[in-house]
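Inside the fold
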Amino acid sequence: MPTKALNIIRLSLMIVTVCITSVIHNIVDAEESPPIFGDITINRQFSPDPLKVRGMSGGSVKATEVGAKETPTGPCAGFVDKAPDHTLKLTSKFDYLKLQVESPRDTTIIIKGPGGIWCNDDFDGKNPGIVGEWLKGTYKIWVGSYEKGKYLPYTLKITEVK
């Protein structure tokens, strides 16, 4: 067999091996990482605490169209997707629960659930959050950006720790 043909076969086998290794590595990494845009179900004394899920903020819908103009926890600001980024199901009442977005840029949050709508912009610096007593039930969560169509990475942290 000519040397050129052998080199082509070797090169092809090396490319296939690299591709398979890369796919396996990505699958393992995905299993170790928190879910993106995940639905969450928790009960009191959940573990790990804080629970973290990742996502991308923003969208093309004005936050006031999803939430309200003003809520007890702040204005509904920015732009979000029409569908919520997360669904949080609480299987029991929480006397204290804190949801906080951590992002390198300014983001907003809207939460709709039992008892009302809550929005926030700057809970901790430029990171939004909602804290307080939470009723049992299902909550829809949107994380927004200030520019229409601008998507920013974030981590949503959920904790019972005061």
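Everything here concerns the structure above.
As a starting point, this report considers the structure included with it. (Residues numbered from 1 in each chain as written. Predicted model: local features only at pLDDT ≥ 70, side-chain atom pairs only at ≥ 80, totals over all residues. Heavy atoms only, no water.)

A full pass over the atoms with the stated rule returns three salt bridges. Between Asp-95 and Lys-93 there is a salt bridge whose closest N-O contact spans 2.7 Å. For Lys-157, the salt bridge identified is with Glu-102, shortest N-O distance 3.3 Å. In this pair, Lys-157 sits in strand E13 (residues 152-159) while Glu-102 sits in strand E8 (residues 94-102), placing the two residues 55 residues apart along the sequence. Residue classification places Lys-157 among the partly exposed positions, given a relative accessible area of 22%. Residue Glu-102 is classed as partly exposed on the basis of its relative accessible area of 31%. It is possible to trace a salt-bridge network through shared partners that takes in Lys-93, Asp-95 and Glu-133. (Salt bridge = Lys/Arg side-chain N within 4 Å of Asp/Glu carboxyl O. Helix = DSSP H or I, 4+ residues; strand = E, 2+ residues; numbered from the N terminus. Buried < 20%, exposed > 50% of the residue type's maximum accessible area, 1.4 Å probe, protein only.)

A few words on the packing of aromatic side chains. How two aromatic rings sit relative to each other is set out by the distance from centre to centre and by the angle between their planes. For the coordinates displayed, the defined rule picks out four aromatic pairs. Pairing Trp-134 with Tyr-139 gives two aromatic rings, centres 5.0 Å apart and planes at 65°, and the pair type is edge-to-face. A residue is classified by how much of its surface remains accessible, and Tyr-139, at 1% relative accessible area, is buried. Through pairs of rings, three or more aromatic residues link up here, namely Trp-118, Trp-134 and Tyr-139. (Phe/Tyr/Trp six-rings, centres within 6.5 Å; stacked < 30°, edge-to-face > 60°.)

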